[in-house]
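Chains, contacts and geometry: an overview
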Amino acid sequence: MRIDFNRPPFVGKETEYIKEAVEQNRMICGDGPFTKKCSAWMKEHFHSKELLLTTSCTHALEMASYLSDIQPGDEVIMPSYTFVSTADAFVLRGATCVFVDIRPDTMNIDETQIEAAITEKTKAIVPVHYAGVSCAMDEIMAIARKHGLKVIEDAAQGVNAYYKGRALGTIGDFGCYSFHETKNYSMGEGGAILFQDDSYLEPAEILREKGTNRSKFFRGQIDKYSWVNYGSSYLPSDINAAYLWAQLEEAERINEKRLAVWNYYHEELAELEEKGAIRRPFVPEYATHNAHMYYIKVRDLETRTKLIDYLKERGILSVFHYIPLHSAKAGLKFGRFHGEDIYTTKESERLMRLPMYYSLKMEEAQEVVQALKSFTEY
Ligand SMILES: *Cc1c(COP(=O)(O)O)cnc(C)c1O
């Protein structure tokens, strides 16, 4: 392919910082100097009371699921149009996933369908901020508070994106970020869990540190550490954090670059939308997105297959996205769809994502646009 769909972000200083972690700090396990820098930066920048780096967003979701005390038989409401990790974290605790339809404009969970899906077993709602465009958080939080439910934001794609000025991931009880190489800011594999209620800090640290109170020990609050509860190992290596630190230092540059490509696609493709050939993404007024993704929607699955092939022949890689979870083998086993699937399947079959990454050149974005304009079978 001449134009890839994704390339991991690299701004230049990553290797220098990794060298520093290895040769100067001589600390490559978790919670080293780079991990501390990254979490302090994000706490300040995103106004989050607490934030812990994790080995992935999947693991941050697992932590949130555990800290929300999800038990076997509980129900958790989420969209079906999402990545498997959103569901896996709750399945691990024995919960049933209750899938609710999405809104066709943002591809996010339809907040007006949530309340009808609540039963006595419901414990949590998991909004997924698709493409870094916020869900309708005021409505979702109001429903959750009314019914005493936890809200766990899957903000894997929503780092440095906002809802009415508040950073995604800081609005619900828990927020989960991803720093996978396909995300806006990366550390190869990695993530973070955010929460605003600091009474979660101690149990979160224990869970993240194999069930020990080792974090307290390192802060000098106790003179030896021991096994105090169930736990796992969710600390990323400081080598990974060193890579992320280089990215965070350049967060604004990365964001501006992505937004420039996003805005270019959006302006250039307006004419195809006016002709009725495609639909472009919609960003509600309450959302400040981070250009995580640029997608278009064509008429149907057949058109999409043809268009993806057409672009491929021209050396451009575009890809479709999620197969709805409720129709997958594990989805049938671990979940059920509540209400009618009006948009989830239909809209997911129409959607395709265009090349979008930090090092994508404007000329390449131009080529993508030209190819889309020259396709005649919409
Ligand atoms: C990428 C992604 C995840 C998983 O992130 P990892 O860091 O790879 O575990 C979860 N949810 C959504 C919506 C994602 O896009």
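Before reading further, recall that the structure is shown in the block above.
Before going into details, it helps to say that this report is about the structure given with it. (Residues numbered from 1 in each chain as written. Predicted model: local features only at pLDDT ≥ 70, side-chain atom pairs only at ≥ 80, totals over all residues. Heavy atoms only, no water.)

A few words now on the sheet that holds strand E12 (residues 335-337). Here eight strands make up an open sheet; going across it, the order is E1-E9-E8-E5-E4-E2-E3-E12 and the pairing mixed. Two strands close off the open sheet at either side, each with one partner strand: strand E1 (50-54) and E12. Averaged over all neighbouring strand pairs, the angle between strand axes comes to 25°, with direction disregarded. Two elements, E1 and strand E9 (residues 191-195), share five bridges in a ladder whose sense is antiparallel. By the bridge assignment, Thr-54 is partnered in E9 with Gly-191. Sitting on the sheet, helix H3 (residues 57-67) is in contact with E1, strand E5 (150-154), strand E8 (174-178) and E9, with an inclination near 165° to E8. (Pairing = 2+ DSSP bridges. Helix = DSSP H or I, 4+ residues; strand = E, 2+ residues; numbered from the N terminus. Axes fitted to C-alpha atoms, helices over the stretch in contact; angles between N-to-C directions. Contact = heavy atoms within 4.5 Å.)

Let's shift gears to the packing of aromatic side chains. Aromatic rings in a pair are described by how distant their centres are and how their planes are angled relative to each other. Using the criterion set out here, one finds 20 aromatic pairs in the structure. Ring centres of Phe-174 and Phe-195 lie 5.9 Å apart, and the angle between their planes is 65°; this geometry places the pair in the edge-to-face category. Placement of the pair is Phe-174 in strand E8 and Phe-195 in strand E9, with a sequence separation of 21 residues. The burial state of Phe-174 is the same as that of Phe-195; both residues are buried. Across from the ring centre of Tyr-358, 5.6 Å away, lies the NZ or CZ of Lys-257, which sits over that ring. Over the ring of Tyr-310 we find Arg-314, and its NZ or CZ is 3.6 Å from the ring centre. (Phe/Tyr/Trp six-rings, centres within 6.5 Å; stacked < 30°, edge-to-face > 60°. Buried < 20%, exposed > 50% of the residue type's maximum accessible area, 1.4 Å probe, protein only. Lys NZ or Arg CZ within 6 Å of the ring centre and 35° of its normal.)

Glancing now at the pairing of E9. With respect to burial, E9 is a largely interior element, five of its five residues being buried. The alternating pattern of E9 places Gly-191, Ile-193 and Phe-195 and Ala-192 and Leu-194 on opposite faces, both of which are buried. Pairing of E8 with E9 involves four bridges; the strand directions are antiparallel. Residue pairing in the sheet places Cys-176 in a bridge with Ile-193 of E9.

Despite not being glycine, Arg-26 has its phi angle at roughly 50°, a positive value. Inspection of the secondary structure assignment puts Arg-26 in the loop between helix H1 (14-25) and helix H2 (33-45). A positive phi angle, close to 60°, is found at Ala-131, a residue other than glycine. Along the chain, Ala-131 turns up in the loop between strand E4 (122-125) and helix H5 (137-147). On the basis of relative accessibility, which here comes to 5%, the residue Ala-131 falls in the buried class.

To continue, consider helix H6 (residues 201-208). Counting buried positions along H6 yields six of eight residues, so the element is predominantly enclosed. What H6 keeps buried is the set Leu-201, Ala-204, Glu-205, Ile-206, Leu-207 and Arg-208. In the segment just after H6, Lys-210 is the residue with positive phi, at about 60°.

Looking now at the site of the ligand. Not every one of the 14 residues close to the ligand is listed here, only the nearest: Thr-58, Asp-154, Gln-157, Ser-178 and Lys-183. Here an oxygen atom of the ligand sits 2.8 Å away from a polar atom, N or O, in the side chain of Gln-157. Contacts to the ligand include Lys-183, whose side-chain N or O atom sits 3.3 Å from an oxygen atom. Alone, the ligand offers 380 Å² of accessible surface; in the complex the protein occludes 93% of this. (Near = heavy atom within 4 Å. Polar contact = N/O pair within 3.5 Å; in protein donor to acceptor, adjacent residues only side chain to side chain. Areas by Shrake-Rupley, 256 points an atom, 1.4 Å probe, with all protein chains shown as cover.)

Scope: geometric values only; no functional claims are made or implied.
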